[in-house]
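Structure at a glance
Here's the letter readout for the chains.
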Amino acid sequence: MLQAFAGNAQQRVKKALFIIADGIPADVIEKVATPNLNLIAGQGKYLRAHVGGEKDGYSQTPTISAVGYNSLLTGTWFNKHNVADNDIKAPNYHYPTIFRLFKDQYPDKKIAVFSSWLDNRIKLVGDGLAATNNLKVDLHADGYELDTVNFKHDKESAYMHRIDEKVIDEASATIKQSAPDLSWVYLEYTDDMGHRYGDSPQYYTAIEMMDKQVGRIWDAIQYRQKNFKEDWLIFITTDHGRDERTGKGHGGQSARQRSTWMVTNAKGLNNYAKYYYPGIVDIMPSIAQFLNIDIPVKYKREIDGTVLTGPVSVAELKANLIQGNIDVSWKALSTDEKVKIWVSAVNNFKDGNPDDYKLLGEYPANAEHALVSVKDMPSTFYKVVIEGKYNTINRWIVPEVKK
Ligand SMILES: [Zn+2]
């Protein structure tokens, strides 16, 4: 609480919360009646988005639940965060989650996880692990999937809806009472109904139920904003789409499995959000900006997402190795600034060690392309970074796979 009173007493405290509703492609969320999502989008925006990294590229990412969650949490794709499936065998904790970045800077602020699934907190957020520097999740209500007494498993998976209801009960009560500074609410029932029935009335009903649950979280946020000096940011999104043919499966790279969406009350969406095709990785830097997290440079150079709100300098980095030169191009989203091009021929970062970035030039952002020499740093692998005034983007050059 000290922090809240430390500065200007009139200043409102910023709080952020994101909800992942499992397994709903954009075409479905747009078809089903979702009055609560619409209400929130009315204050901000509904955006179509994507998961899956770059199709057939080095960052291609399975359209699987835990993989998607970790792309949101870390702002990176699978080639970095290393969560390949729901087993979550070896997450690379050198790519910090939004929770970790937040706590590193604001150790007294409170973080919270509400989820059927225990692994979200234990493995992905990494509660209490040495690898996350013993990050502590202050408030949590989760692991109900393991409680087969109170949530007896039934053939129709109705128990999962009851678990989601419990998650919402806990989350909304906690928001009203203690208002954690950064929260993750996870809802699973929609994916269960998708797997069981595919595109079907049962699946659509599950989505309507989810919308009502989001409405209860939104009510709790309204309560806080009315009664306390707080401003809340909310993002609601999904972790993957579903297959075109039946709507039952996911995991692959078809357009519908990659197709997702996000709803936010965020104000001041920028030209990147407006004119580009956002990814799940964009939510992390956007929440970081709202919560005034100063992301250390070494992490900025790794985050694959682009901020959706406020000023933004550059987007859509392309890089191609041509006989000792890298042909770099980008899109300029702000004028009158210079961008720096940094290149590293090694990736020590993935092992927790510093990289060796060389500054290969400074160019007017408006130029939107540059040819930089890497003759004195010969390699078949490069990490290319463009540093603008307001944001940093990156891309790998990887050896071509012979087919
Ligand atoms: Zn999922």
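Bear in mind the structure is a predicted one, so any value in this text is a computation, not a measurement. (Residues numbered from 1 in each chain as written. Predicted model: local features only at pLDDT ≥ 70, side-chain atom pairs only at ≥ 80, totals over all residues.)

Taken in spatial order, the three strands make up an open sheet running 8-9-12, and their pairing is antiparallel. Where the open sheet ends on each side, the last strands, each with one partner, are strand 8 (314–322) and strand 12 (369–373). Neighbour to neighbour, the strand axes of the sheet diverge by 20° on average, direction disregarded. By the bridge criterion, five bridges tie strand 9 (residues 325–332) to strand 12 in an arrangement that is antiparallel. For Asn325, the partnering residue across the bridge sits in strand 12 and is Ser373. (Pairing = 2+ DSSP bridges. Helix = DSSP H or I, 4+ residues; strand = E, 2+ residues; numbered from the N terminus. Axes fitted to C-alpha atoms, helices over the stretch in contact; angles between N-to-C directions.)

This part takes up unusual backbone geometry. Positioned with a positive phi, Ala179 is a non-glycine residue whose angle comes to about 45°. Counting through the fold element by element, Ala179 comes out in the loop between helix 8 (158–178) and strand 5 (182–187). Here Glu368, not a glycine, exhibits a phi torsion of approximately 60°, which is positive. Structurally, the position occupied by Glu368 is in the loop between strand 11 (358–364) and strand 12. The exposure class assigned to Glu368 is partly exposed, which follows from the 15 C-beta atoms found within 10 Å. (Buried ≥ 20, exposed ≤ 12 C-beta atoms within 10 Å, placed from the backbone.)

On to the pairing of strand 9. Pairing of strand 8 with strand 9 involves seven bridges; the strand directions are antiparallel. In the sheet register, Ala315 faces strand 9, and the bridge partner there is Lys331. Between the antiparallel neighbours strand 8 and strand 9 lie two residues, among them Gln323 with a positive phi of about 45°.

Before going further, it helps to spend a moment on the domain arrangement of the protein. Once the domains are mapped, the protein shows domain 1 (13–300) and domain 2 (314–397). Distance between the C-alpha centres of domain 1 and domain 2: 31 Å. Counting only elements with at least two residues in the side of domain 1 that touches domain 2, the list comes to helix 12 (271–275) and helix 14 (297–300). Classifying every residue of the side of domain 1 that touches domain 2 by side-chain character gives three nonpolar, three polar and two charged. (Domains from an automatic or database assignment. Nonpolar A, V, L, I, M, F, W, Y, C, P; charged D, E, K, R; others polar.)

A separate point is the sheet that holds strand 5. On the basis of which strands lie adjacent, the open sheet formed by seven strands has the order 2-7-6-1-5-3-4 and mixed pairing. Of all strands in the sheet, those with a lone pairing partner are strand 2 (45–50) and strand 4 (139–142), marking the two edges. For this sheet the average axis-to-axis angle between neighbouring strands, irrespective of direction, equals 15°. When strand 1 (residues 13–21) meets strand 5, the two strands line up parallel, connected through six bridges. Each residue of the ladder has a partner; that of Ile20, found in strand 5, is Tyr186. In the packing of helix 10 (residues 201–227) onto the sheet, the strands contacted are strand 1, strand 5 and strand 6 (230–237), and the crossing angle to strand 6 comes to about 170°. (Contact = placed C-beta atoms within 7 Å.)

A few words now on helix 10. Taking 1.5 Å of rise per residue, 27 residues should cover 39 Å, and helix 10 covers 39 Å from first to last C-alpha, within 8% of that figure. Of all the positions in helix 10, only Tyr203, Ala206, Ile207, Met210, Asp211, Gln213, Val214, Ile217, Trp218, Ala220 and Ile221 are classed as buried. (Expected span 1.5 Å × (residues − 1).)

The buried count for strand 13 (residues 382–387) comes to six of six residues, which makes it a mostly enclosed element. Across the two faces of strand 13 the burial is the same, with Tyr382, Val384 and Ile386 and Lys383, Val385 and Glu387 all buried. Bridging between strand 10 (residues 338–344) and strand 13 involves five bridges; their strand directions are antiparallel. Within strand 13, the residue paired with Ile341 across the bridge is Ile386. Summarising the sheet, strand 13 and strand 14 (residues 392–397) pair through six bridges and their orientation is antiparallel. Within the sheet, the bridge partner assigned to Ile386 lies in strand 14 and is Ile393. Between strand 13 and strand 14, which pair antiparallel in sequence order, lie four residues.

For the rest of this paragraph, the subject is the packing of helix 8 against helix 10. Packing of helix 8 against helix 10 leaves a shortest axis separation of 8 Å and a crossing angle of 10°. Between helix 8 and helix 10, the angle is such that the two are roughly parallel. Contacts between helix 8 and helix 10 pair His161, Asp164, Ile168, Ala171, Ser172, Ile175 and Lys176 from the former with Met209, Gln213, Arg216, Ile217, Ala220, Ile221, Tyr223 and Arg224 from the latter. Its residues assigned to classes, the contact of helix 8 with helix 10 comprises eight nonpolar, three polar and four charged. (Parallel < 35°, antiparallel > 145°, perpendicular 65-115°, else oblique.)

A few words on the nonpolar core. Ranked by size, the top nonpolar core spans 105 residues in total, and within it Ile19, Ile98, Val185, Ile217, Ile236, Met284 and Ile287 carry the most contacts. Looking at this core, the element that brings in the most residues is helix 10, giving nine residues. Contacts of Ile98, omitting those with residues within four sequence positions, involve Leu73, Leu182, Met284, Ile287 and Ala288. (Core = buried A, V, L, I, M, F, W, Y, C linked by C-beta atoms within 7 Å.)

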